[in-house]
Amino acid sequence: MYLIPIPAFADNYLWLLHDGKRALVVDPGDAEPVFKALAHLKLQLSSILVTHHHADHTGGIDALRNATGASVHGPATEHIPAPFEKLREGDSVSSLGLDFQVLDVPGHTSGHIAFYTPDMNGKPLLFCGDTLFSGGCGRLFEGTPAQMLSSLDKLAALPDQTQVCCAHEYTLANLRFAMAVEPGNAELTAYHEHCLRLRGQGIPTLPSAIAQEKLINPFLRTRQPQIMAAVHGFDASAHDDNTVFAALRQWKNQYK
Ligand code: ZN
Ligand code: FE
């Protein structure tokens with residue numbers, strides 16, 4: 001199997017997974033770069049997986065479906081271009097011989113889902129849309145901080161080697177904030193250097209891994225004493241899991 005991030009818009013990745021003949025694509029906000037990749041690699045599109053309703057994740061669905069006949073699979077409670085298979089936690093989607101388990105991960109949007117498969121080329125694989133980013137997490141457009149925290153807890157509980165395919169290249173900006181929150185984290189500093197080198201060469205920083213994110217992503221580390229202390233400096237009223245998480249998210253929103 002081959003996993004390719006197709007760049008789109010300013011900083012989206014449309015993830016393409018293929019076996020040399022058939023392909024699936026996740027969150028095709030734009031059809032054009034997907035058509036180009038399919039033609040270049042001589043692939044037939046089998047399936048379109050959708051994590052949430054935002055236009056930068058759904059704008060290319062109709063054109064791709066009309067041209068290829070691919071099936072569309074998306075969140076049961078969100079408005080995406082019909083017809084599509086409506087999915088919720090506990091459901092699964094079979095494509096390219098892989099079984100993708102559906103996880104409910106509300107927060108960025110209220111019906112956001114993620115797709116997880118336990119063995120892709122020997123490692124688990126996660127498509128998490130705009131829920132988890134490397135070094136950060138999605139903005140809370142529809143959900144509550146408590147929902148997002150529990151969604152991120154669910155993703156953090158996946159196996160360490162899980163390859164994490166996020167929908168945006170936000171890593172360097174996220175890490176700049178992460179280092180402001182946790183300046184003493186040596187793993188974080190080293191990862192930032194690594195990602196700077198990658199971006200300097202035009203290489204994606206993704207996929208990340210769950211183990212890496214648990215070491216460096218402040219939004220997966222809100223129960224660490226040094227992070228709680230830093231958040232307290234931003235908002236002295238933050239006192240428990242949900243309020244610390246909410247204050248950290250607010251801090252990031254305002255961070256320049
Ligand atoms: Zn989004
Ligand atoms: Fe997005």
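Relevant structure appears above.
Keep in mind it's a predicted model, so treat the numbers as computed, not measured. (Residues numbered from 1 in each chain as written. Chains lettered and ligands numbered in written order. Predicted model: local features only at pLDDT ≥ 70, side-chain atom pairs only at ≥ 80, totals over all residues. Heavy atoms only, no water.)

## A word on the coordination of the zinc ion (ligand 1)
Which entries qualify depends on this criterion: Listed donors are limited to N, O and S atoms within 2.8 Å of the metal, widened to 3.2 Å for Na, K and Ca; water is not among them, so incomplete-looking sites are possible. By the criteria applied here, four donors are tetrahedral when all angles lie between 85 and 135 degrees, four are square planar and six octahedral when opposite donors are over 155 degrees apart and every other angle lies between 65 and 115, and any other arrangement is irregular. Helix and strand definitions follow DSSP, with helices as H or I runs of at least four residues and strands as E runs of at least two, each counted in order from the N terminus. Type-normalised accessible area, obtained with a 1.4 Å probe on protein chains alone, sets the label of each residue: buried when under 20%, exposed when over 50%, and partly exposed for intermediate values.
Here the zinc ion (ligand 1) is held by His-52 (NE2), His-54 (ND1), His-108 (NE2) and Asp-130 (OD), and the distances to it run 2.2 to 2.3 Å. Geometry at the zinc ion (ligand 1) is irregular, judged from the 4 donor atoms that bind it and their angles of 86 to 172° at the metal. Within one chain, the residues donating to the zinc ion (ligand 1) are spaced in sequence as H-x1-H-x53-H-x21-D. A separation of 3.2 Å is found between the zinc ion (ligand 1) and the iron ion (ligand 2), both of which receive a donor from Asp-130. Here His-54 is found in the loop between β4 (44-49) and α2 (55-58), whereas its partner Asp-130 is found in the loop between β10 (123-129) and β11 (132-133), with 76 residues between them in sequence. Residue His-54 is classed as buried on the basis of its relative accessible area of 18%.

## As for the sheet that holds strand β6 (residues 85-87)
Just so we agree on the cut-off: Following DSSP output, two strands are said to pair if at least two bridges run between them. Axis lines are fitted to C-alpha atoms, over the contacting stretch for helices. Their N-to-C directions set the angle, which ranges from 0 to 180 degrees.
Taken together, 6 strands build an open sheet; the order of strands is β1-β2-β3-β4-β5-β6 and the sheet is mixed. Whereas interior strands pair on both sides, the edge strands pair on one side only; in this sheet they are β1 (2-8) and β6. For this sheet the average axis-to-axis angle between neighbouring strands, irrespective of direction, equals 25°. Note that strand β5 (residues 71-75) and β6 share 3 bridges and pair parallel.

All we've got here are geometric facts, nothing functional implied.
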